[in-house]
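# Structural description and commentary
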Amino acid sequence: MDTIICDISAFLFWRMPPLVRLLMLGPEEDAPLCQLVEPDRVRRLRREVVAASPFADLADSRGSRANFGHAACALLSALPLIAAFSSGPVDVLVSSPGERRASRLVRPRVWGGGVEESDVVHVAPGISVVTPALALQQIAARATTVRAAMLASELCGCFSVHRGTGPVAQLLQELSDEGRLPAYSGWRAATDNDGRLTGLWLRPRLYTTSHLRRIAMNAASPRGRARLAEAAEIALEDAASPFEVQAGLLLGLSRRRGGEGLPPFRLNQRVALTPAAAKVARQRACYCDIFWKETTNPTCAGLGVECQSASHHFGMRSSVSDADRATALQLLGIEVVQLTHGVLADPRRFAIFAAELAKRLGVPSRPNFAQLTEAQLRLRRELFIDWELLPEV
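A brief look at the structure comes next. (Residues numbered from 1 in each chain as written. Predicted model: local features only at pLDDT ≥ 70, side-chain atom pairs only at ≥ 80, totals over all residues. Heavy atoms only, no water.)

## So, the overall build of the protein chain
Counted only if it meets this: Runs of E in the DSSP output that reach at least two residues are strands. Runs of H or I that reach at least four are helices, and both are numbered from the N terminus. Three labels apply to residues, based on accessible area from a 1.4 Å probe with only protein chains included: buried if under 20% of the type maximum, exposed if over 50%, partly exposed otherwise in between. In this description, contact between two residues means that some pair of their heavy atoms is separated by no more than 4.5 Å. Calculation of accessible area relied on Shrake-Rupley with a 1.4 Å probe; when residues are assessed, cover is drawn exclusively from the protein chains displayed. His is not counted, nor are the chain ends; Lys and Arg add positive charge and Asp and Glu add negative charge. Working definition for charges: the position is that of NZ of Lys, CZ of Arg, CG of Asp or CD of Glu.
What the protein chain contains, in helices and strands, is 17 helices and 12 strands. Dimensions of the protein chain, computed from C-alpha atoms along their principal axes, come out at roughly 75 × 50 × 35 Å. Burial analysis of the protein chain (393 residues in total) assigns 50% to the buried set. The long-range fraction of contacts in the protein chain, counting pairs at least 24 apart against all pairs at least 6 apart in sequence, stands at 67%. Surface summary for the protein chain: the accessible area is close to 17900 Å², and the carbon and sulfur share equals 53%. Taking the 46 positively charged and 40 negatively charged side chains of the protein chain as two groups, their mean positions are separated by 4 Å.

## Remarks on the sheet that holds strand β10 (residues 285-292)
Going by this rule: Strand pairing is assigned whenever DSSP identifies at least 2 bridges connecting the two strands. Only C-alpha atoms enter the line fits that serve as axes; for helices the fit covers just the stretch in contact. Angles between N-to-C directions range over 0 to 180 degrees.
The sheet built from 4 strands is open, its strands ordered β9-β10-β11-β12 with mixed pairing. Of all the strands in the sheet, the pair left with one neighbour each is β9 (266-272) and β12 (334-340). Direction aside, the axes of adjacent strands within the sheet are offset by 50° on average. Contacts from helix α12 (residues 242-252) reach β9, β10, β11 (302-308) and β12 within the one sheet, and its direction differs from that of β10 by about 35°. In the packing of helix α16 (residues 347-361) onto the sheet, contacts are made with β10, β11 and β12, and the angle to β12 comes to roughly 165°.

## So, unusual backbone geometry
A cis amide bond links Gly88 with the next residue in sequence, Pro89, at an omega value of -15°. By the secondary structure assignment, Pro89 is in the loop between α6 (79-85) and β2 (90-94). The phi torsion at Ser185 lies on the positive side, around 55°, for a residue other than glycine. Relative to the elements of secondary structure, Ser185 occurs in the loop between α9 (166-177) and β7 (188-191). We note that Asp238 has phi near 75°; this positive angle belongs to a residue other than glycine. Take Asp238: it is sitting in the loop between α11 (225-234) and α12.

## As for the pairing of strand β8 (residues 197-202)
Burial analysis of β8 places 5 of its 6 residues in the buried class, which makes it a mostly covered element. Examined bridge by bridge, strand β6 (residues 159-161) and β8 share 3 bridges and lie antiparallel to one another. Of the residues in β8, the one forming a bridge with Phe159 is Leu202. Here β7 runs beside β8; their pairing, made up of 3 bridges, is antiparallel. Opposite Ala189, over in β8, you have Trp201 as the bridge partner. Taking the residues between adjacent antiparallel strands as the criterion, β7 and β8 are bridged by 5 residues, where Gly195 takes a positive phi near 85°.

## Side note on the side chain of Asp91
As a reminder, the rule being used: Counting of polar contacts relies on pairs of N or O atoms within 3.5 Å, with two restrictions inside protein: one atom must be capable of donating a hydrogen and the other of accepting it, and residues adjacent in sequence are counted only when both atoms are side-chain atoms.
For Asp91, the position within the fold is in strand β2. Here the side chain of Asp91 touches Arg107 through a polar contact of 2.6 Å, side chain to side chain. Not counting residues within four places of it along the chain, the set of residues in contact with Asp91 comprises Ile4, Ile5, Cys6, Asp7, Ile8, Ser9, Arg107 and Arg109.

## Focus on the packing of helix α2 (residues 18-25) against helix α4 (residues 39-51)
Put simply, the test is: The cut-offs work like this: below 35 degrees is roughly parallel, past 145 is roughly antiparallel, 65 to 115 is roughly perpendicular, and the gaps in between are oblique.
For the pair α2 and α4, interaxial distance at closest approach is 8 Å and the crossing angle is 100°. Between α2 and α4, the angle falls in the class roughly perpendicular. On α4, the residues touching Leu22, Leu23, Met24 and Leu25 of α2 are Val42, Leu45, Arg46 and Val49.

## Some details on helix α7 (residues 132-140)
Burial runs high along α7: 9 of the 9 residues are buried. Along α7, the positions that sit buried rather than exposed are Pro132, Ala133, Leu134, Ala135, Leu136, Gln137, Gln138, Ile139 and Ala140. Looking at the buried residues of α7, the elements they touch are α1 (7-15), β2, β5 (127-130), α8 (145-155), α10 (209-217) and α11.

## Brief notes about the packing of α2 against α9
The following threshold applies: Each helix crossing is assigned a hand: it is left-handed if the near helix lies turned anticlockwise from the far helix by less than a right angle, otherwise right-handed if that turn is clockwise. Side-chain classes follow a simple rule in which Ala, Val, Leu, Ile, Met, Phe, Trp, Tyr, Cys and Pro form the nonpolar group, Asp, Glu, Lys and Arg form the charged group, and the remainder, Gly included, forms the polar group.
Running from N to C, α2 and α9 point in directions that differ by 115°, and their axes come no closer than 12 Å. Crossing of α2 over α9 shows right-handed handedness. Contacts between α2 and α9 pair Leu19, Val20, Leu23 and Met24 from the former with Val168, Leu171 and Leu172 from the latter. A class-by-class count of the residues in the contact of α2 with α9 yields 7 nonpolar, no polar and no charged.

## So, the pattern of salt bridges
Operational definition: What counts as a salt bridge is simple: a side-chain nitrogen of Lys or Arg found within 4 Å of a carboxyl oxygen of Asp or Glu.
Per the counting criterion, the structure on display carries 24 salt bridges. Between Glu154 and Arg15 there is a salt bridge; the shortest N-O distance is 2.8 Å. Remark: Arg15 occurs in helix α1 and Glu154 occurs in helix α8; sequence separation between them is 139 residues. A relative accessible area of 1% places Glu154 in the buried class.

## Quick look at the sheet that holds β6
Strand pairing within a sheet occurs via backbone hydrogen bonds; the two strands may be parallel or antiparallel. Taken in spatial order, the 3 strands make up an open sheet running β6-β8-β7, and their pairing is antiparallel. Two strands lie at the open edges of the sheet, namely β6 and β7, each paired on one side alone. Put simply, the sheet's adjacent strands are angled 40° from each other on average, direction ignored.

## As for the pairing of β2
Among the 5 residues of β2, 5 are classified as buried, and the element is accordingly described as predominantly covered. The alternating pattern of β2 places Val90, Val92 and Val94 and Asp91 and Leu93 on opposite faces, both of which are buried.

In structure tokens form, the structure reads like this:
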């Protein structure tokens with residue numbers, strides 16, 4: 001029977017780009033791998049990844065592996081892969097307390113509800129991983145609704161956060177500098193203004209919020225089920241970065257939850273451009289980070305918020321093109337408002353920004369009172385954390 005990676009470790013596994021999985025576990029003669037890196041470099045990379053991990057001494061303990069237990073032995077057989085996404089111990093699914101056998105490498109997680117065949121994915125000899133949705137349900141059993149909604153928004157968005165261990169990050173940066181970092185399996189790496197990789201990756205969406213709600217309703221185990229369903233109700237779809245999730249939740253959540261309670265919007269709304277606007281933008285379509293179709297201005301074709309960030313770009317979304325994109329959208333009658341991270345993170349400045357959006361959207365002015373102010377501060381404490389550490393919070 002496979003060792004099943006679950007919970008936080010499974011969520012971190014699914015954050016890992018397929019290219020990194022290929023580098024860590026792919027056959028050395030694999031054509032895509034050979035085109036990127038020579039076999040000797042691959043072997044050296046895998047040794048370096050393990051050597052830089054907390055598991056370094058375990059790699060040479062082959063003679064005593066019988067003492068590790070079945071789950072640990074399976075993980076040791078794929079140690080480069082494990083070391084690429086986990087600093088240990090690895091969360092492993094067990095069905096009863098009697099099966100617990102914790103170690104530096106293994107952290108047993110009792111999950112009495114059982115798992116269906118569709119809940120796990122085989123990833124290496126003797127190793128499977130629970131699906132992202134089940135991993136989130138397990139995390140949701142301990143997390144707050146907002147934190148679970150943030151993770152759900154990642155799964156329902158088109159981004160992942162994975163910076164990678166030192167040796168892997170160095171290789172990926174070399175490939176990026178040489179223009180040879182591929183868009184592998186639909187995943188593309190983001191860079192900052194200096195061309196440095198940021199740890200943010202653009203990837204295909206994994207779920208819709210309605211899909212997550214159905215999964216929660218049909219879950220075999222009751223643990224985390226209600227919290228996952230509640231999180232899916234307020235999660236966002238199609239976000240392309242943590243910035244957009246934070247901004248979207250602050251703007252869209254009810255005032256009771258600490259948000260602004262603005263009307264429903266879409267993230268990364270595709271807008272086809274007229275020939276004139278296309279010439280300005282140098283592309284046939286633009287995307288509005290946050291978009292409302294209805295505004296108080298009868299001549300306006302919509303209101304868009306552009307999330308300005310110098311920390312990540314995906315090539316076509318560079319800082320050089322931001323002004324051109326805004327101009328192109330304005331040529332279509334779409335009002336564009338810029339939102340910087342500085343405004344987002346400052347409660348007083350953000351309140352002014354949100355009030356202006358509410359005015360343009362026809363939302364009546366509503367005074368704050370003590371309970372609302374506390375809810376806003378509480379929401380901000382939940383939202384503004386290191387996103388890479390979010391599954392562990």
